[in-house]
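Architecture and fold: a report
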Amino acid sequence: MAASTRRTVMSLYMRAFRIARAWQAESGVTSDTESERKYIVQEARTLFRQNQQLTDQESIKRCIEECEARIEIGLHYRNPYPRATYLPPLGLATQKGRKLRAQQRLRKQAKPIYLESHDDT
């Protein structure tokens, strides 16, 4: 990993912890604030450790873009949890064969960058 990439990754990691430290839940309830802070810290640790062994510059770049997108979306909407994705029409139909593959391709194309690290549902 290049020094500039490492610096970018570490600054994003520390930014996630600074956001968690200053986070206030939209509801104003103390228990909500604490649970959201814990979620932010846990999610940051999990995802950064999961991607720690990446060496491919393209995949590292995608992970950085995902992290930046999730931070910005979380700050904008004041919600640390990932936003729901909206599937294309017929995205949940139970088809077989060619139609099923086409629907799976549509679902993959509809997945936003900020959910790349989440498992398919």
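This is a predicted model, so every value here is computed, not measured.

What follows deals with the packing of helix α1 (residues 3-22) against helix α2 (residues 30-50). One way to put it is that α1 packs onto α2 with a least axis distance of 8 Å and a crossing angle of 165 degrees. Judged by the angle between their axes, α1 and α2 are roughly antiparallel. In this structure, α1 crosses over α2, and the sense of that crossing is left-handed. For the pair α1 and α2, the contacting residues are Val9, Leu12, Tyr13, Ala16, Phe17, Ala20, Arg21 and Ala22 in the first and Arg37, Ile40, Val41, Ala44, Arg45 and Phe48 in the second.

A positive phi angle, close to 55 degrees, is found at Arg78, a residue other than glycine. Position of Arg78 among the secondary structure elements: in the loop between α3 (57-77) and α4 (98-110). Among the residues examined, Arg78 registers a relative accessible area of 28% and is labelled partly exposed.

All right, on to the packing of α1 against α3 then. Between α1 and α3, whose axes approach to 11 Å, the crossing angle comes to 25 degrees. As judged from the angle between their axes, α1 and α3 are roughly parallel. In the packing of α1 onto α3, the handedness of the crossing is left-handed. Taking contact as the criterion, the partners of Thr5, Thr8, Val9, Leu12, Arg15 and Ile19 in α1 are, on α3, Gln57, Ile60, Ile64, Cys67, Glu68, Ile71, Glu72 and Leu75. Along the lines of polarity and charge, the residues of the contact of α1 with α3 split into eight nonpolar, three polar and three charged.

Right, let's get into the nonpolar core. As a rule of thumb, soluble globular proteins bury nonpolar side chains together. Core analysis: the biggest nonpolar cluster contains 13 residues, and Leu12, Ile64 and Ile71 have the highest contact counts within it. Looking at this core, the elements with two or more residues in it are α1, α2 and α3. Considering each element in turn, this core owes the most residues, six residues, to α1.

What counts and what doesn't
Residues numbered from 1 in each chain as written. Predicted model: local features only at pLDDT ≥ 70, side-chain atom pairs only at ≥ 80, totals over all residues. Heavy atoms only, no water. Axes fitted to C-alpha atoms, helices over the stretch in contact; angles between N-to-C directions. Helix = DSSP H or I, 4+ residues; strand = E, 2+ residues; numbered from the N terminus. Parallel < 35°, antiparallel > 145°, perpendicular 65-115°, else oblique. Left-handed = near helix turned anticlockwise from the far one by under 90°. Contact = heavy atoms within 4.5 Å. Buried < 20%, exposed > 50% of the residue type's maximum accessible area, 1.4 Å probe, protein only. Nonpolar A, V, L, I, M, F, W, Y, C, P; charged D, E, K, R; others polar. Core = buried A, V, L, I, M, F, W, Y, C linked by side-chain atoms within 4.5 Å.

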